[in-house]
Each structure stands twice: as structure tokens, then as C-alpha cells.
Amino acid sequence: MKRSLRDILLLIVLLIQTSCIDNLLDYPATTKISADTFWETTEDAEKGVNAVYNAMRNAFGLFYRLDCYPNADLVYFQNANSQSITSDYWNKCYASVNRANNAIMQLRRMQGEAVTEKELNLLKRYEGEVRFIRALHYALMIDLYGDIQYLDHVPTQEEAYTIARMPIVQVKDLIFEDYDYAISVLPVSYESSEDQGRATKIAAYAFKGKLELFWASWKKNGRPEVDNFQQSESEAKEYYEKAIGNFKEVMKPAYNLKLFKDGAPGEYVNPNYLQLFTLENEKCSEVIFSLQYGGPNIGQGEEFVKIFGNRSVLNGWANMQPTNYLVNLYQSTKTGDYVDPVILNKNQNQTNGSANPKTYEGRDYRMRSTIVWNGQKMRTITPDGMTIGDSLAFMFGNKNGYLDYNDSRTGYMFRKFVRQYAGYSRSNGPQDFYLMRLPDVWLMYCEAMNELHGPSDELYDLVDKIRGRGKLPALDRNKFKTKETFFDAVKQERAIEFVAEGQRFFDLRRWRLAETVWDYPNGRELRSTLNDFIQDQYKNATDRTFPRYYIYNIPEDERVLNPNLTQNKPWL
């Protein structure tokens, strides 16, 4: 669904018509202008729906940031401001929902005026796409905020200033209604290359299953930060079972989904996992749904190199940085198990030392695909993106003749998401950002099945296929034969497979593992590979610290304007 410049200009018009006022559910709709000028033909409808897709980037385009807040775990984000994130997602989600609701209203009007069955079915498909997108936003919001303001229409100004929060249990059911409608009208795939990247029936099944799994997790593990939310073992089992049903649908052989290059690891110097995150392979069958980006010069480009890259590659900022906690998770290709944690010091000859390049040999190929450490090379690219230069090595603590890592601090840099081909400037990249991949479905399916039935040959095989892309040996089935130990295997694969894809944050929350990760009540320190101090993490935590991790606060400026908007308990 890469778009032409003409279509981009039309999208800009639509986005201006539904522009944000910074708060209060983005209430101006200008629906009369839209109806009079755009929503008359199916071609108009397609462009209007494309504008809803475009708005998704507001909330999901920086999803990777969530893996870094409020304290770094596997990824550190330099110059982070966690408080701005909470209000950003509230405002951006409601801006997108408002656009979706306006589009649904217009599409339903057009359905009532449709002349042919073909036209009617197309308009219903468009409504299914928009309701799928609306469901994604509301699912994100109930995860972040618990009870939320729910609207299925464009609000009046009076309504925007008075609407109260709806209990999460009711919002959840309405989200499922949107997913069910999408499943009923969306195709399995699209014939035209122009439609590649649009929502499909498979994507709707996958995301519906994901919300069911999350609901089961919350019912099992609790969400005490949400008013009147009750744990329920029986309801958890019910939703694990529902999630399994939807994941099984996605996994049907008829859909022919498979891992990129069948999960083969490829060559160590250029692993297949690294190639997965390139323009050339963004439409492979492993990718179920993604944010669409296109460049150059049409205002639809991504900025991954700016955030993940370094000064030597398109003048990147190197804001996102892997940590030693991530490095320690990558397992040995010989034993399939963890190796000793790296020793943080400046000695490049220290056995297992963080500054010693030999420390990182014989690890999961996904480590080579994701991280740059001392001695690793990358090709330099000029700031305009047009000229590839020499390959330079990385040497933390020395930029003279080496890669310029800006003022990054951890001693590691990203390779994942950093373009190594010319033709695109720093802020006009073409790479899609994946929101759902097949390994995500497999691991969620394994998690749900394990909760209800424990590990099985089927589950071992699925995890082994994912591990295989890192050239890791199969799981030792005697070691992972209980529910608890097999869950550890699933948890490990999710941490490694989805680095900086915005998954880790949500996993830790639904599993209630933040206190474990950050060693409550002692907390921990983040240090560089040279053993330099970076930050304290959850030291001197109070009884409100982790509850605030598990739920975001409702933006105070919204509460000032709307007296019916309550605050979450940990933030009172």
C-alpha cells in the first residue's frame, strides 16, 4: 500500500479536515466538508480509509519507545521523558479513533446509497478495515490506561467535555465486536500489489487472539490498579481457550504463512533475521500486519536510522541503545543455554569482558543481527542517503577512525533497523514497522496452550523453529517439561525475537514481572561496557512505584477540562 504523491496530497487534505485540537477526544469532525467533497464515490472512500491508516503512525509509529520506559531494561533510550509518553498516547489514540469514527459514519451512509452489490461489499470491506484499526487503538488504550472514554461516533463539543470513562470489561467486548466485523468482511489476502499491507482476515484473527490472551493474563495475574477489576481463574481459562482458537485459525496450512526463508539462520555475517527487517523483504509471508512507510520525498518516510543509527550512518542520533542486560540473554549456539554474564570493564583482553570482541562469539545469530559491539563493522552512508562509503569498526571510547556513536552511553549500538543501502535520507526511509509477525502468533499460542495443558511436542516444535533462525539447538525437553520451565522458554524467545518492536513492555506488565526484572526492593544500576554509571533503576522504590509502571496516568490537562474524567488510583 505504498502511495503516490497525488494520493499523499489527498491524504493531507483529509488529515487537516480531522486535525487534532490537542485534547478532548479530538472532537472537531468537519463531517459536512468531508461528505460534500470526498465521501461520494468508492475512490473517495478508499482515500478516506487510507487517511485512517496514515493516522495509525501517530500512536504506533514510535512503539519501540515503550520498551525503554520508564527505566531501561533490554534497551536504553537516551534523553527519555516518560511523562510525555503518557499524554502522547492518550491524545494520539483519540485523534486516530476520531478519524476512524468519522470514516465509519461516512461509509455507512454510502452503503445505504450503494447501487450495486459489488459496491456495497467494497464499502463494507472498507468499514471492516477501519473498525480493525479502531480496535487496535482501543486495545492499546485499555492496556495503558485501564478504563477509558469510549466513543463509536464523532462527539459533539459538549459530549467531549463531559464523557466519563467506561469500565474496561465493557470496552473489551466492544473491541471484540470490531474485530468480529472485520473478520466477517475482510479478505484473507489481496490480489493487487497496490493493496498489499491493508488489514486482512488473518490479521483480525491474530489481534483478536492477542487481546484474548492479554485478558486471560490479566484475569490470571490481576490488575489491581484498575477499579473493580477482579481476578478470575475460570475466566482466565475461558479466554486462554478463545485465544487458542483464533491463533489456530491464523496457523491453518491453507494460509501458507511461514517464517522468512523457512526459519533458516543464513550466514553469520548477514543472517536471515537481519534481512527480514529490510525493504526487500517487508512483504514476506511472516509479516501479518505492519505500519506502512514510503519514501523518499512524499512525507511518508520512517526515521529508524535517526533513532537507532549512528553519526557515521546517515547522521543518526543513536538514541536507542542495547544494554548489557539484553546481551546476557543471547544464548550459545553450542549449548543452547545462557553463557556467563559479561564482565563490565575496559580491558579488551579480559576473558568474557564486555570490551573484548571474542566475548560475543558463538551466540544466537539474532544477536549479530541486532547489536553492534566492539570490532563489529557497518557501512558508512552520507547524510543525504545517496552515497555508501567504507566500512568502519565500532570501538566504544574511541571515535577516531571508528564509527561515530554520537554521545551514546551503553557501549552497544543497534544494527537492527539501521539501513545499509542508499537512496533514502535519514527521515525518509521506506521500511515498514511490523506490528504482528508469525513468531508472535506461535509464541502466544504456546503460552496459552501451556497455561491450559502444559508443554507438548507441538509446542516444543514451534519454539524450536523460532530458535532455529538463531542457529540454536532444540530445547532440552527434560529441562523444559513443566509449565513453569516451558513458560521460561517462551519468555526468553519473546525477549530476543522482538527486541525494540514494542512487545517487551506489554509482556512484563501482563505477566506482573516488573518487580522481578528490576530486583525490587533493591533496584539495580545500568552501566556501560566500560563500567561507567548510566542510571539508577528503581532504587528506593515506594509502594506506588511499580503500580505506576502497570498503569499510565490520565493526563491532568484532560481532567481539568472534563470534571467527569477520573484518575487511576496509583496516581492520586
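Reading the values: rules and limits
- Residues numbered from 1 in each chain as written.
- Predicted model: local features only at pLDDT ≥ 70, side-chain atom pairs only at ≥ 80, totals over all residues.
- Heavy atoms only, no water.
- Buried < 20%, exposed > 50% of the residue type's maximum accessible area, 1.4 Å probe, protein only.
- Helix = DSSP H or I, 4+ residues; strand = E, 2+ residues; numbered from the N terminus.
- Pairing = 2+ DSSP bridges.
- Phe/Tyr/Trp six-rings, centres within 6.5 Å; stacked < 30°, edge-to-face > 60°.
- Lys NZ or Arg CZ within 6 Å of the ring centre and 35° of its normal.
- Core = buried A, V, L, I, M, F, W, Y, C linked by side-chain atoms within 4.5 Å.
- Contact = heavy atoms within 4.5 Å.
- Polar contact = N/O pair within 3.5 Å; in protein donor to acceptor, adjacent residues only side chain to side chain.
- Salt bridge = Lys/Arg side-chain N within 4 Å of Asp/Glu carboxyl O.

Draft legend 1. Inspection of the pairing of strand β11 (residues 524–527) at higher detail. Side chains R524 and L526 of β11 all project onto a buried face; the interleaved residues E525 and R527 project onto a face where none is buried. Adjacent in sequence and paired antiparallel, β11 and strand β12 (residues 533–537) are bridged by five residues, among which N531 carries a positive phi angle near 70°.

Draft legend 2. Region of the structure containing the packing of aromatic side chains. Under the counting rule described, the total for this entry stands at 44 aromatic pairs. Positioned above the aromatic ring of W218 is the side chain of R223, whose terminal nitrogen or guanidinium carbon lies 4.4 Å from the ring centre.

Draft legend 3. Region of interest: the nonpolar core. By size, the foremost hydrophobic cluster in this structure holds 166 residues, and its most contacted members are F132, Y179, F289, F308 and M320. Not counting chain neighbours up to four residues away, the residues in contact with M320 comprise Y64, C68, V75, Y76, F77, I307, F308, F414 and A500.

Draft legend 4. Region of interest: the environment of Q292. For Q292, the location among the structural elements is in the loop between β4 (287–291) and α11 (304–308). The sequence separation of Q292 and M105 amounts to 187 residues, and the corresponding C-alpha distance is 24 Å. Within the structure, Q292 has its side chain in polar contact with the side chain of S290 (distance 3.2 Å).

Draft legend 5. Molecular detail of the pattern of salt bridges. Applying the stated rule across the entire model yields 48 salt bridges. In this structure, R524 engages D73 in a salt bridge whose closest nitrogen and oxygen atoms are separated by 3.5 Å. In this pair, R524 sits in strand β11 while D73 sits in the loop between α3 (42–60) and β1 (75–77), placing the two residues 451 residues apart along the sequence. Of the charged contacts in the structure, one is a salt bridge between R366 and D364, with a shortest N-O distance of 2.8 Å. Residues R366 and D364 agree in their burial class; the two are buried. Here the salt bridges do not stand alone but share partners, grouping E286, D364, R366, K416, R437, R467, R469, E493, E497 and E501 into one network.

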